[in-house]
Amino acid sequence: MSELDPKEVKLLSDILALVLEEQQGQAVAALETLRRRAQRNSTTGGALKNLFQVISADPSRAQPTERRRSSTTRARAEKQEMPDSYRTQLREMADSINRLDRDLRSITAQNESLKAQLYLTQQSRAELQTHLAAMQLSTARNPKPLMIVAA
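The shown structure was predicted, so the numbers you read here are calculated from the model rather than taken from an experiment.

Participant: Could you give an account of the overall build of the protein chain, with specific residues and numbers?
Facilitator: The number of helices and strands found in the protein chain is five helices and zero strands. From first element to last, N terminus to C terminus, the protein chain shows the α and β order α-α-α-α-α. Within the protein chain, residue pairs in contact and separated by at least 24 positions form 62% of the contacts whose partners lie at least 6 positions apart. When the accessible surface of the protein chain is totalled, it reaches about 13,000 Å², and 57% of it is carbon and sulfur.

What follows is the structure, encoded as structure tokens:
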């Protein structure tokens, strides 16, 4: 192995990260993942062993070259900006949700107030209709005094 394949180094780092995970059961899952990835990438145990030997013999070879390092630095900066932009978006969405929640409460209270006013108006209308009907009935029973005099 004269030069390290970046894919192999990434694969190895992913596997090590999974194996060293401190959560219970992660090591077993990492080993199963290792088997699946090895089968998918046609990576043999010997290739991984050789990769370990090359890295342990010359750790500087595992470091990316200057060109890769600058692109890696850019990628890290972009990854750093992405969580910041996600946090900003999340904060804006949370503010929007809070504002909408306040608006909803305000509109709900206004709706309840209008319902109460409508109920009072309906009651007043019913009372007025009852009063008007009573007046019409009393007027129909008692002829006006002018009619009595004229008769």
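Participant: Can you tell me about the pattern of salt bridges, naming the residues and giving the values?
Facilitator: The final tally for this structure, using the stated rule, is two salt bridges. Close ionic contact of Asp-101 with Arg-105 constitutes a salt bridge, the shortest N to O distance being 2.3 Å. One end of the pair is Asp-101 and the other is Arg-105, both in helix 4 (residues 66–141) and four residues apart, which spans about a single turn. According to the relative accessible area criterion, Asp-101 is partly exposed, its value standing at 30%. Residue class for Arg-105 comes out exposed when judged on its relative accessible area of 54%.

Basis of the calculations
- Residues numbered from 1 in each chain as written.
- Predicted model: local features only at pLDDT ≥ 70, side-chain atom pairs only at ≥ 80, totals over all residues.
- Heavy atoms only, no water.
- Helix = DSSP H or I, 4+ residues; strand = E, 2+ residues; numbered from the N terminus.
- Contact = heavy atoms within 4.5 Å.
- Areas by Shrake-Rupley, 256 points an atom, 1.4 Å probe, with all protein chains shown as cover.
- Salt bridge = Lys/Arg side-chain N within 4 Å of Asp/Glu carboxyl O.
- Buried < 20%, exposed > 50% of the residue type's maximum accessible area, 1.4 Å probe, protein only.

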